[in-house]
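What follows is the residue order along each chain.
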Amino acid sequence: MEVGQMQRQWLDYTKSLFLEGFLDGQFLQLQQLQDESNPDFVVEVVSLFFEDSEKLLNDLTSALGQQSVDFKRVDAHVHQLKGSSSSIGAQRVKNACIALRNYCEEQNIEGCIGCLQQVKHEYNMVKNKLENLFRLEQQIVAAGGSIPMTELGF
Amino acid sequence: MGMAAEDQFHVLAVDDSIIDRKLIETLLKISSYQVTAVDSGSKALEFLGLHEEDEQSDANIPSVSPSNHHQVLEVNLIITDYCMPGMTGYDLLRKIKESKSLKDIPVVIMSSENEPSRINRCLEDGAQEFFLKPVQLSDVNKLRPHLLKGSSKGNQHTINKTDEATMEQENQSTERQRNILYHDLEVVQLEFDNL
């Protein structure tokens, strides 16, 4: 595939992520902070998000699996995950966290467990999408092209 | 393009989230601030050279000197997350405002929760600004007016008064110079007219 085609693919893919609600304006903010002096900023932040989230999701699974659930602890973890997903623009993950927090407040274990599944599902989806996006970016750069961020036109 | 270290403001950023630390660090660096980022209120106090036991009630005791030999730069502004385990951003704000040596450093609070009572409490207790997360570049642009360069506010006022007096004098002499110039021009004009 030649560079122009790859760039068009990148544009279409990125736009779809916004239209489908996986990403929100905050992700655009991150892209705008990336420049020649900070060329890998988005990948770096998102990688930190993946690492942090995986740990939090494990902690949440474990906390909700306890004989006596410590809801304060669960809430603290969800609060963290909600914050970090909001910071990178992972809108659907953030919204799922908000729902989970509500069940937590009600001390509804079944609700929490079901909602955690939803959070995991959303997380895996956005992780997958972002990895695809970054792979496309790598291909474009490897072929000598640049990532057409300014053409997003939002 | 590089600014000399002395010309840059130094911001201390405090946030327990590694993602948010990276984000605030980048926002600040893009805005040409020098940044030190720490992950807790206690680490922030450590960096500022303030220990839990310090109670500076005697004005004769000189300002707390940095405990870390590598802390050469002064801090011009502190930006901290509100929700942190252990010491919250609010606790940190209170400790800074209660410290003789640190109370004049402007403090900005960040939070993901839009709680008016929380916001008001922080502002009433000395925070300069309260930013809702995720923090944007437009928020960071609001920091510049709050930044204090060099010595404490008290000293700055003294300097300003002296500057004002000097400026007055200079203005008067400039006025005098201008008047002399006009006078000379008039004389020249008259001489031309007489030709």
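Note that the coordinates shown come from a computational prediction; the quantities given were computed from them, not determined experimentally.

*Asks:* Please clarify how the pattern of salt bridges should be interpreted in this entry.
*Replies:* A pair can form between side chains of opposite charge whenever their charged atoms are brought close. On inspection of all chains with the given rule, the structure shows 19 salt bridges over all chains. For lysine 55 of chain A, the salt bridge goes to aspartate 59 of chain A, with nearest N and O atoms at 3.2 Å. In this pair, lysine 55 of chain A and aspartate 59 of chain A both sit in helix α3 (residues 41-64), 4 residues apart, roughly one turn of the helix. We note a salt bridge from arginine 101 of chain A to glutamate 113 of chain B, for which the minimum N-O separation is 3.5 Å. Of this pair, arginine 101 of chain A sits in helix α5 (residues 91-105) while glutamate 113 of chain B sits in the loop between β4 (107-111) and α4 (116-124), on two different chains. Overall, the relative accessible area of 16% leaves arginine 101 of chain A in the buried class. On the basis of relative accessible area, glutamate 113 of chain B is assigned to the buried category, the value being 18%. One network of salt bridges, with partners in common, ties together Asp75, Lys82 and Arg101 of chain A together with Glu113 of chain B.

*Asks:* Just checking my understanding: could you explain the UniProt feature "modified residue: 4-aspartylphosphate" (unreviewed entry) in chain B for this structure?
*Replies:* Residue and element names in this part refer to chain B. Per the UniProt record, "modified residue: 4-aspartylphosphate" (unreviewed entry) is found at Asp81. Along the chain, the position of aspartate 81 falls in strand β3 (residues 77-81). Residue classification places aspartate 81 among the buried residues on the basis of a relative accessible area of 5%. Excluding anything up to four places from it in sequence, aspartate 81 contacts Val14, Asp15, Asp16, Gly89, Met110, Ser111 and Lys133.

*Asks:* Looking at this structure, how should I read unusual backbone geometry?
*Replies:* In terms of backbone geometry, most residues other than glycine have negative phi values and most peptide bonds are trans. Of note, the amide linkage connecting lysine 133 of chain B to proline 134 of chain B takes the cis form, showing an omega dihedral of 0 degrees. Along the polypeptide, proline 134 of chain B turns up in the loop between β5 (129-132) and α5 (137-140). Its identity as a non-glycine residue notwithstanding, glutamine 107 of chain A has a phi of 55 degrees, on the positive side. Considering the arrangement of structural elements, one finds glutamine 107 of chain A in the loop between α5 and α6 (109-142).

*Asks:* Please explain the layout of surface pockets as it appears in this structure.
*Replies:* Over the atoms rolls a probe the size of a water molecule, and its path tells where empty space is left. Approximately 660 Å³ is the volume attributed to the largest pocket. In terms of lining, the largest pocket is formed by 30 residues, of which the most central are His79, Gln80 and Arg101 of chain A together with Cys83 and Glu113 of chain B. When contributions to the lining of the largest pocket are tallied by element, the ones reaching two or more residues are α4 (71-88) and α5 of chain A. Take the lining of the largest pocket: its biggest share by element is 11 residues, from α4 of chain A. Within the lining of the largest pocket, the residues separate by chemical class into 8 nonpolar, 10 polar and 12 charged.

*Asks:* I tried to follow the interface of chain A and chain B on my own but got confused; where do I start?
*Replies:* For an interface, size is often stated in terms of accessible area lost upon the parts coming together. Contacts between chain A and chain B engage 18 residues on the former and 14 residues on the latter. Both faces considered, chain A and chain B share a buried interface measuring about 1,400 Å² in area, 64% of it formed by carbon and sulfur atoms. Run the count over chain A and chain B and you get 3 salt bridges. Here glutamate 113 of chain B makes a salt bridge to lysine 82 of chain A, at a shortest N to O gap of 3.5 Å. Along the contact surface separating chain A from chain B lie 4 residue pairs in polar contact (both at pLDDT 80 or more).

*Asks:* Looking at this structure, I do not really get the UniProt feature "modified residue: Phosphohistidine" (unreviewed entry) in chain A. What am I missing?
*Replies:* Under the UniProt annotation, "modified residue: Phosphohistidine" (unreviewed entry) lies at His79 of chain A. With respect to the secondary-structure elements, histidine 79 of chain A resides in helix α4. Leave out the neighbours within four places in its chain, and histidine 79 of chain A touches Arg101 of chain A together with Cys83, Ser112 and Glu113 of chain B.

What counts, and at which threshold
Residues numbered from 1 in each chain as written. Chains lettered and ligands numbered in written order. Predicted model: local features only at pLDDT ≥ 70, side-chain atom pairs only at ≥ 80, totals over all residues. Heavy atoms only, no water. Salt bridge = Lys/Arg side-chain N within 4 Å of Asp/Glu carboxyl O. Helix = DSSP H or I, 4+ residues; strand = E, 2+ residues; numbered from the N terminus. Buried < 20%, exposed > 50% of the residue type's maximum accessible area, 1.4 Å probe, protein only. UniProt positions renumbered as here; feature names shortened; annotations may be inferred. Contact = heavy atoms within 4.5 Å. 1 Å grid on protein atoms, 1.4 Å probe; cavity = no way out; pocket = protein on both sides within 12 Å on 5 of 7 lines; lining within 4 Å. Points joined across faces, edges and corners; volume = space filled by probe spheres on them. Nonpolar A, V, L, I, M, F, W, Y, C, P; charged D, E, K, R; others polar. Buried area = accessible area lost by both parts, 1.4 Å probe. Polar contact = N/O pair within 3.5 Å; in protein donor to acceptor, adjacent residues only side chain to side chain.

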